[in-house]
Amino acid sequence: MKKPLRANGLVSQHGWFEMNRFFVDEINDGKARIKDGDFKHCKSVLRLQEGAEIYLVFDGKEYIGQIASYETNSALCDIIKESEQTREAGIDVSLYQCIPKSSKMETIIQKNVEIGVKRIVPVISHRTVVKISEQSKEEKKLSRWNKISEEAAKQSMRNVIPKVGPIFTFKQMIDDLKAFDRLIIVPYENEFGNSLKNIHIDRSDVCIVIGPEGGFEPYEIAELKLAGAHVVTLGPRILRTETAGMVASAICMYKTNNI
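In what follows, the accompanying structure is described. Being a predicted model, the structure only gives us computed values, none of them experimental.

About the thresholds
Residues numbered from 1 in each chain as written. Predicted model: local features only at pLDDT ≥ 70, side-chain atom pairs only at ≥ 80, totals over all residues. Heavy atoms only, no water. Helix = DSSP H or I, 4+ residues; strand = E, 2+ residues; numbered from the N terminus. Buried < 20%, exposed > 50% of the residue type's maximum accessible area, 1.4 Å probe, protein only. Contact = heavy atoms within 4.5 Å. Areas by Shrake-Rupley, 256 points an atom, 1.4 Å probe, with all protein chains shown as cover. Lys, Arg positive; Asp, Glu negative; His and termini not counted. Charge placed at Lys NZ, Arg CZ, Asp CG, Glu CD. 1 Å grid on protein atoms, 1.4 Å probe; cavity = no way out; pocket = protein on both sides within 12 Å on 5 of 7 lines; lining within 4 Å. Points joined across faces, edges and corners; volume = space filled by probe spheres on them. Nonpolar A, V, L, I, M, F, W, Y, C, P; charged D, E, K, R; others polar. Salt bridge = Lys/Arg side-chain N within 4 Å of Asp/Glu carboxyl O. Axes fitted to C-alpha atoms, helices over the stretch in contact; angles between N-to-C directions. Parallel < 35°, antiparallel > 145°, perpendicular 65-115°, else oblique. Left-handed = near helix turned anticlockwise from the far one by under 90°.

## What to know about the overall build of the protein chain
Next up, step 1: Helix and strand content of the protein chain: six helices and 13 strands.
Next up, step 2: The proportion of buried residues among the 259 residues of the protein chain is 45%.
Next up, step 3: Within the protein chain, counting contacts between residues at least 6 apart in sequence, those at least 24 apart form 68% of the total.
Next up, step 4: With the model as given, the accessible surface of the protein chain reaches about 13700 Å², and the carbon-plus-sulfur share is 48%.
Next up, step 5: Positive and negative side-chain charges of the protein chain, numbering 37 and 35 respectively, have mean locations separated by a distance of 4 Å.

As structure tokens, this is what we get:
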């Protein structure tokens, strides 16, 4: 086996601590291939040499690998061992986020992926300013958002890439929330008595529903309550829509010992 080469400067028990991370499609006979955009990034941008140690992620598991050789369109890697590090949270948090204006959704996706959210569902409610009516525009948005999720998952050392989409109407969201036995949490600026800190998280699946810039309509809150949601306050200050999901997700992680 080739001696591990320096990747970016910090020593670890396996060669170098800050190793680069790549998701792969399969592992066969102790080998894996880095393909497509990751291959170009690995070879031309990072300029990792043969023998460099890297993290490889497949099917939610993390492995320590080593670049064996560069081929025409892929990098062939040897699997050294499965990592013992636990990266994913012990609860599955889904964020239902009403789409905000401009590029705020990109920040929401990036930061919630870093926190540990497993799924992000963009929602169009009554007061949502952004309306995506054409399928081509929706596909373009979702492609961009899923790319941001992938980049954030790599940066934050996740073992899964959270899925973003499809875009739901408010009714579709309600139907989806009713379909499974999950804890539903709705931070709401007009709720003052019921605090998230007092909610007992007794299920492994948690849904956090965040309204648009103008907030939910009263009838939407009523429908969420009928779907079994816990409408809560996040404190005496009003949080922006791009902040509320991050705060609620982090609190859920803290309450379940996942931080």
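Once the structure has been displayed, the description carries forward.
## Examining the layout of surface pockets
Next up, step 1: In this structure, the largest pocket occupies an estimated 400 Å³ of space.
Next up, step 2: The wall of the largest pocket is formed by 24 residues, among which Tyr-188, Glu-189, Ile-238, Leu-239 and Ala-244 lie closest to the centre.
Next up, step 3: For the lining of the largest pocket, the element with the highest residue contribution is helix H6 (residues 241-255), accounting for three residues.
Next up, step 4: A breakdown of the residues in the lining of the largest pocket according to their chemical character gives twelve nonpolar, five polar and seven charged.

## A short note on unusual backbone geometry
Next up, step 1: Cis rather than trans, the peptide bond between Gly-165 and Pro-166 has omega equal to 0 degrees.
Next up, step 2: One non-glycine residue, Arg-47, lies in the positive phi region at around 55 degrees.
Next up, step 3: A relative accessible area of 65% places Arg-47 in the exposed class.
Next up, step 4: One non-glycine residue, Met-157, lies in the positive phi region at around 65 degrees.
Next up, step 5: Along the polypeptide, Met-157 turns up in the loop between helix H3 (135-155) and strand E9 (163-164).
Next up, step 6: Note on Met-157: relative accessible area 21%, which makes it partly exposed.

## Description of the pattern of salt bridges
Next up, step 1: With the rule as written, the count across this model stands at 17 salt bridges.
Next up, step 2: For Glu-106, the salt bridge goes to Arg-144, with nearest N and O atoms at 3.3 Å. Taken together, the residues Glu-106 in helix H2 (residues 104-115) and Arg-144 in helix H3 connect sequence positions 38 residues apart.
Next up, step 3: By relative accessible area, Glu-106 is classed as partly exposed at 26%.
Next up, step 4: Accessibility expressed as a relative area gives 42% for Arg-144, which makes it partly exposed.
Next up, step 5: One salt bridge in this structure joins Glu-114 and Lys-111, with 3.8 Å as the shortest N-O distance. Of the two residues, Glu-114 and Lys-111 both sit in helix H2, three residues apart, roughly one turn of that helix.
Next up, step 6: The class of Glu-114 is partly exposed, set by a relative accessible area of 32%.

## Comments concerning the packing of helix H4 (residues 170-178) against helix H5 (residues 218-226)
Next up, step 1: Contact geometry for H4 and H5: axes closest at 10 Å, N-to-C directions at 20 degrees. The angle between the axes of H4 and H5 places the two elements in the roughly parallel class. As H4 runs across H5, the sense of the crossing is right-handed. Residues Phe-170, Met-173, Ile-174 and Leu-177 of H4 pack against Glu-220, Glu-223 and Leu-224 of H5.
Next up, step 2: Tallied by class, residues from the contact of H4 with H5 come to five nonpolar, no polar and two charged.

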